[in-house]
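# Inside the fold
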Amino acid sequence: MVDIAQQAALHPASARDAMAARVPLTAIDPGQWRALAQRAIEPNGYYLPAWELAVSATARGRTSASTLPACDGTSSRLIGLMPVISLWRALKIPLPALVSAHPYGTLCSPLIDRDAPIEAATRLLQQAREAGAHALVLNDVALDGAAMTALGQALSRDRLKPRVLSSYMRASLDATQDAETLLREALGTKKLKELRRQRHRLEAHGPVTFDVARRPDEIGPALETFLQLEASGWKGKRGTALVQHDGDATFIRRAVPALAETAQCEIITLRAGTTAVAAGIVLRHQDRAFFFKLGIDERFAKYSPGVQLTLELTRHLCADPAIASADSTASADHPMINPIWRGRFAVGDVLIPLRRHDPIVAMVHGALLGVNAAHEAARGVVRRLRK
């Protein structure tokens, strides 16, 4: 493979963060952005403006994202939006490519107007070309989702094809089903009976209640309860809890109340008496829910508080006619959510070439494969050390 540093010198547009045609996220009209989100062909709660703007403003390692906006040909109406950063900033690879900006939640499917999906996808790709990019790298996208379908159709017009770099199956919930039937089929009668026994034992600490905070005036205290629970557990021990970093804490305290104003966020809490034993943040976009994060009080671990909360969330979502499905936004083979939510869909990282027979795309591909191999080797070492 041609030396990457040499090629970067030959192609100044690749140097660091030099691609100039991108637009700052803050330059996008929020009303246009919200309107596009309402018309999006595929929901993505993590690219709602109140969420992504808060992430880009202060979240650790995720600030100052820009975007590729697409407007229709006859007016200034926004029909597509793809938050991005440079490949250099994402992975320190000095090649002219753009990478989807990570919105904290593990879904980066761009917003594409359902009324003009092919036009929107085509214009997004053209915006990337005009920014000096030779390729796009979309991480954590729904591989069979409507957004990737539109991008694939737009690429096929130029006889181009996306390349899947990696993929996995992620747990999801079909919320159109009866919750009790779904849980019985997923967990079985014996497991449900055991969980009911655990819940009864939890009631020794006080009546067990499931609360949903939606209104802006109630969601602030519920968020603080969640943050305390998350920091009290293993995330706090590893230093990865949201409240442990000023930028992350600022982002979540800005995003959650803002989304509550538009009924697009709620915080669920399981209590035993007055003690919160588990809490979670759930985003809503169109007819889909997104289970962002979960925090538990590990003093109550023997009662499976995270599972108990997820059972209540399942009942809550299945009873809501506005919700058709829920994305766990969890990792592959997640030990808690996978046995409960038995739906699956493919999520992966995709390389999108922007020009035919472009040697730089081959270099980007090779560099990404090398990074992925290094990360996998590092994960293997960590796994062996933990045994």
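Everything here concerns the structure above.
## Section: the overall build of the protein
On a plain count of helices and strands, the protein comes out with twelve helices and 13 strands. Relative to the compact-globule value of 21 Å for 387 residues, the protein shows a C-alpha radius of gyration of 22 Å, a close match. Taking the principal axes of its C-alpha atoms as reference, the protein extends roughly 70 × 50 × 40 Å. Counting across all 387 residues of the protein, residues that qualify as buried make up 52%. Put simply, 76% of the contacts in the protein that link residues at least 6 apart link residues at least 24 apart. Of the roughly 16900 Å² of accessible surface on the protein, a fraction of 53% belongs to carbon and sulfur atoms. One way to put it: in the protein the 48 positive side-chain charges average out to a point 6 Å from where the 38 negative ones average out.

## Notes on helix α2 (residues 30-39)
Among the residues making up α2, those that are buried are Trp33, Leu36, Ala37 and Arg39. The buried side chains of α2 occupy one side of the element, clustering within an arc of 165° when seen end-on. Measuring from the side-chain oxygen of the N-cap residue of α2 to the backbone nitrogen of Gly31 gives 3.1 Å; that N-cap residue is Asp29.

## Digging into a positive patch on the surface
On the surface, a cluster of positive charge is contributed by Lys190, Lys193, Arg196, Arg197, Arg201 and Lys302. As for its position among the elements, Lys302 is in the loop between β11 (288-296) and α11 (305-318). You can call Lys302 exposed: its relative accessible area is 61%.

## Notes on the packing of aromatic side chains
Enumeration over the complete set of coordinates arrives at nine aromatic pairs. Centroid distance Phe300 to Tyr303: 6.3 Å. Interplanar angle 40°. Geometry classified as tilted. Looking at Phe300, the relative accessible area reads 8%, which means it is buried. Grouping aromatic residues by their ring pairs yields a cluster made of Tyr46, Trp51, Tyr104, Phe251, Phe290 and Phe292. Between Arg62 and the ring centre of Tyr104, over which it is positioned, the NZ or CZ distance is 4.1 Å.

What counts, and where the lines are drawn
- Residue positions are given per chain, counted from 1 along the sequence in the order it is written.
- Where local features are concerned, this predicted model is filtered to residues with pLDDT of at least 70; where side-chain atom pairs are given and counted, the filter is 80 or more; whole-chain, interface and lining totals use all residues.
- As a convention, hydrogens and water are excluded, and side-chain values are obtained from all of the structure's heavy atoms.
- Runs of H or I in DSSP of at least four residues are treated as helices and runs of E of at least two as strands, each being numbered from the N terminus.
- Just to be clear, the radius of gyration here is over C-alpha atoms, and the globule rule we use is 2.2 Å times residues to the power 0.38.
- The buried label applies to any residue whose accessible area, calculated with a 1.4 Å probe on protein chains only, is under 20% of its type's maximum; exposed applies above 50%, and partly exposed to all values in between.
- Contact between two residues is taken to exist if any of their heavy atoms lie within 4.5 Å; hydrogens are not considered.
- Only the protein chains shown count as cover for residues, and the accessible areas themselves come from Shrake-Rupley with a 1.4 Å probe.
- We score Asp and Glu as negative and Lys and Arg as positive, and we do not count His or the chain ends.
- The location of each charge is read from NZ of Lys, CZ of Arg, CG of Asp or CD of Glu.
- Our arc is simply the arc of the directions from the helix axis toward the C-beta atoms.
- Pairs of N or O atoms are called polar contacts if they sit within 3.5 Å, as long as, within protein, a hydrogen donor faces a hydrogen acceptor (for residues adjacent in sequence, only side-chain-to-side-chain pairs).
- Each patch is built from residues that are more than 30% exposed by relative accessible area and take part in no salt bridge. Like charges join if they lie within 9 Å; nonpolar side chains (Val, Leu, Ile, Met, Phe, Trp, Tyr) join within 5 Å.
- Salt bridge, as applied in this entry: a Lys or Arg side-chain nitrogen positioned within 4 Å of an Asp or Glu carboxyl oxygen.
- In this analysis, rings of Phe, Tyr and Trp, with Trp reduced to its six-membered ring, are considered paired at centre separations within 6.5 Å, and the interplanar angle assigns stacked below 30 degrees, edge-to-face beyond 60, and tilted for intermediate values.
- Consider the ring centre and the ring normal. A charge sits over the ring if Lys NZ or Arg CZ is within 6 Å of that centre and within 35 degrees of that normal.

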